[in-house]
2 protein chains.
Amino acid sequence: MSDTPDSAVRAYIEEHRSAFLDDLVEWLRIPSVSAQPEHADDVRRSADWLAGKLKQTGFPTTEVWETDGAPAVFAEWPAAEPDAPTVLVYGHHDVQPAAREDGWHTEPFEPVVRENRLHARGAADDKGQVFFHTLGVRAHLAATGRDTPAVHLKLLIEGEEESGSPHFRTLVERNAERLAADAVIVSDTGMWSETTPTVCTGMRGLVECEIAFSGPDQDIHSGSFGGAVPNPAAAAARLVTALHDEHARVAIPGFYDGIVPLTDQERELFAELPFDEREWLRTAKSHAAHGEAGYSTLERIWARPTAEVNGMGGGYQGAGGKTIIPTSAFLKLSFRLVAGQRPDRIEQGVRDWVAEQVPAGIRHTLTFSGATRPCLTPLDHPALQSVSRAMGRAFEQKIRFTREGGSGPAADLQDVLSAPVLFLGISVPSDGWHAPNEKVELDLLLKGVETTAYLWGDLADTWQPAPGGPAAP
Amino acid sequence: MSDTPDSAVRAYIEEHRSAFLDDLVEWLRIPSVSAQPEHADDVRRSADWLAGKLKQTGFPTTEVWETDGAPAVFAEWPAAEPDAPTVLVYGHHDVQPAAREDGWHTEPFEPVVRENRLHARGAADDKGQVFFHTLGVRAHLAATGRDTPAVHLKLLIEGEEESGSPHFRTLVERNAERLAADAVIVSDTGMWSETTPTVCTGMRGLVECEIAFSGPDQDIHSGSFGGAVPNPAAAAARLVTALHDEHARVAIPGFYDGIVPLTDQERELFAELPFDEREWLRTAKSHAAHGEAGYSTLERIWARPTAEVNGMGGGYQGAGGKTIIPTSAFLKLSFRLVAGQRPDRIEQGVRDWVAEQVPAGIRHTLTFSGATRPCLTPLDHPALQSVSRAMGRAFEQKIRFTREGGSGPAADLQDVLSAPVLFLGISVPSDGWHAPNEKVELDLLLKGVETTAYLWGDLADTWQPAPGGPAAP
């Protein structure tokens, strides 16, 4: 389908891999830890460095965008053909905190290559996966003899992802016109494994809430009053219990309304993955699997919504016992959502349900935070097919499909830009995101380069999303 | 029934009240706070002071008994008649902590009389109620012309009650022979109110336990794993929920086995008390009454067992949210027991039940502490009738019956000495036990003196508990 001879792409990558890796190492030396104020200058330095490198790569437009927090980088390289699809690549240039004493074998910001792996904080999450786009677009041009990419290519690389992206949505809303795209490609996820390359097709959404319960106006004596007054800790516990029915289904009325059901095809594709539950339990550090009846473990974490208690407390917390009926208790709950669920409706449903459950004599307040919508791209979406084909050429292997159980800022792009979100990542579970000794497999990193070298041509050849370009939102 | 002319008792008390109060004030000046190590010498000074005062009162035997903590005081005054009943009075000479800045209007250890109330830490709990026995026994002797009390009188006044009586049971077991008694009179409780004098007939028992739950080996990501592994906080919450059925009855199998049922007479007597639920809720600082179906509030707190969550925790405790499945959770539970329930059986029942409830993949450990047996004296017990009659003479009023919802070291005396426990207290709810500005009503304090002045003669006249004296346990 593409006119790019794969051998030309490979030759170009081989020729430039050394300079590409030197550049990446230089970037990884900048400790762009967004969560630590003492690294604010480093995060800015990282943005400036990236903007410079993208300019050098050939992007005619490169800008550092300010936010109320750390800066993001925007770059744009239009195709010569006005009707080409517009693609926005998302990634981030900030990294998790890291210190040698956390268990690193070498300094986290002094990258080293051992056994064909590049070790450094940010090697996989996310600098490596952002950076493969630079060599990728050059290889695409070289192999096709083009001067411009076959798609209108935009990059938005934020600087606060590891701090929860507090200013990201505002940034996207403010620049929605310039960010307008037919598809968003998120370069910040991973694959099933080194030997099973996959494309992720969706992430779950998220609604978080805290419920404060108050009972007696102060802790009261459980001898003098016990058995005759309601206990707010017991009320909190009963609410947690009532969250699920006996089939581990969420029991809040309307919770499952509108959910896009798993198709038989998706279930079959999930089932084909080389999933070993014992191995998975080791990764989860859990001693059993448990979840909604009628669904496999992978279906539960990828395609089914949840209600989870993340924190709870109430009453005496010290050593030994204290015979009180506590004055208060709290719950921190979160709900993972899947395609078809809307955070606002879930919030209202939770609010109504909680009000109904809390017994007389116990007052409660409910505070919601952090709503993120789920995103899901149908398997037959042409852009998803392109990603899958491009990966297949790079990996010379069948590409399978996964989803992500987590939630991310990609959903903001989907919402604000009304564009489908696709995920292109080459990281593997052993890469140690957020952990000591983070690494990226160099072979996979170059497969990432190669995938993007095929992708833009494939997309332009096979997809005509919206004649005249994406509508400005 | 007694040959003590009430007027002689009253005249004697009137004559000696001033010296009696001066002595009590002197004792209250000693800050015998057992919980604060810096007051250890004061607790000892308090014991020595009391032993000296009891000697002065006429007790032929007065001893300070050492424990591994604070000392107790023992005194004994045998009746001339070998077959007289033996009575052991229990109280404590240590007090709760108190500091002016806690909200005291005057210094807590500088007693003052305002509006016929003596304000000082320990005025009601428990020095005042111990001390009325000194003038009481002298009034008894003076009015009857006896040289010895009509009963074999023993006093055991401990020094660690406000610290949870950690060495009390050992002390009682070690001295069981010398403490042997036909009845124990606990002088450390109160009455319904100033206008409704009452005798307490029992206290609830207590079993406390802590349950630690562990799930995944560390906190894990609720996006990556949520919905597919068991959550220890949810398991803890479900256990709390399962503690009770829909009638607020404890759902642990066998929990109610062997309970001595409330008699119709007791229920009628409770119902006669001037109980105002709205007023009671104000005292409880609770916004609703709630408890076991089929029982009144007073029955629930006095005569029915409970299962209560005193503390719980698990997962994220800080501000905002954190999307984890927590590695662990805990519950602190306590069970109040009533006559017929045995702490050891309840413990076994809880242990078995918890093991059955905790789901696969969640491990738990159960730690019990602080078992106290319930105690209950039947309404028709001759010694209880004597206490009621003696109070009736002092108060010139019908004496009603109550119970206590709390649990106390009295149960140790009942267990070790195999003697019924009776409660004789003149304190009222407004006395402010453990609170700032604790006080005792002087009129009621003198009614306490008067009650004991009648009691010993009444007991000797109406009760022949065990010819030859109580069996050494």
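In this report, we go over the structure that sits alongside the text. (Residues numbered from 1 in each chain as written. Chains lettered and ligands numbered in written order. Predicted model: local features only at pLDDT ≥ 70, side-chain atom pairs only at ≥ 80, totals over all residues. Heavy atoms only, no water.)

Let's shift gears to the overall build of chain A. A count of helical and extended segments in chain A gives 14 helices and 18 strands. At 24 Å, chain A has a C-alpha radius of gyration in line with the 23 Å of a compact globule built from 473 residues. Taken along its principal axes, the extent of the C-alpha atoms in chain A is 85 × 50 × 45 Å. Burial analysis of chain A (473 residues in total) assigns 60% to the buried set. (Helix = DSSP H or I, 4+ residues; strand = E, 2+ residues; numbered from the N terminus. Rg over C-alpha atoms; globule rule 2.2 N^0.38 Å. Buried < 20%, exposed > 50% of the residue type's maximum accessible area, 1.4 Å probe, protein only.)

Before going further, it helps to examine the state of the cysteines. Two cysteines form a disulfide when their sulfur atoms are joined by a covalent bond. All names here are of chain B. Here the structure, examined in full by the defined rule, presents zero disulfides over all chains. As a non-bridged cysteine, Cys375 has Cys200 as the owner of its nearest cysteine sulfur, 7.8 Å distant. On the accessibility criterion, Cys375 (5% relative accessible area) is buried. (Disulfide = S-S within 2.5 Å.)

Looking now at the relation of the copies chain B and chain A. For the match of chain B to chain A, the screw axis carries a shift of 0.1 Å, the RMSD comes to 0.1 Å, and the turn is 180°. In symmetry terms, the pair is related by a two-fold rotation axis. Taken as a fraction of all interface residues of chain B, those also at the interface in chain A reach 100%, which identifies the copy contact as same-surface. (Least-squares fit on C-alpha atoms with pLDDT ≥ 70 in both. Contact = heavy atoms within 4.5 Å.)

Residues and elements named next belong to chain B. The complete set of buried residues in helix H7 (residues 264-272) reads Glu266, Leu269 and Phe270. Seen from one end, H7 has its buried residues packed into an arc of 100°, which puts them on one side. Among the exposed residues of H7, those oriented more than 90 degrees off its buried face are Asp264, Glu268 and Ala271. Summarising the contacts, the buried residues of H7 are in contact with helix H9 (297-303), strand S15 (375-376) and strand S16 (400-404). (Arc of directions from axis to C-beta.)

A few words now on the pairing of strand S2 (residues 72-77) of chain B. Residue and element names in this part refer to chain B. Across the six residues of S2, five count as buried, placing the element largely inside the fold. Sheet topology places strand S1 (residues 61-65) next to S2; five bridges connect them, and they run antiparallel. Each residue of the ladder has a partner; that of Val64, found in S2, is Val73. Following S1, the chain reverses through six residues before pairing antiparallel with S2. (Pairing = 2+ DSSP bridges.)

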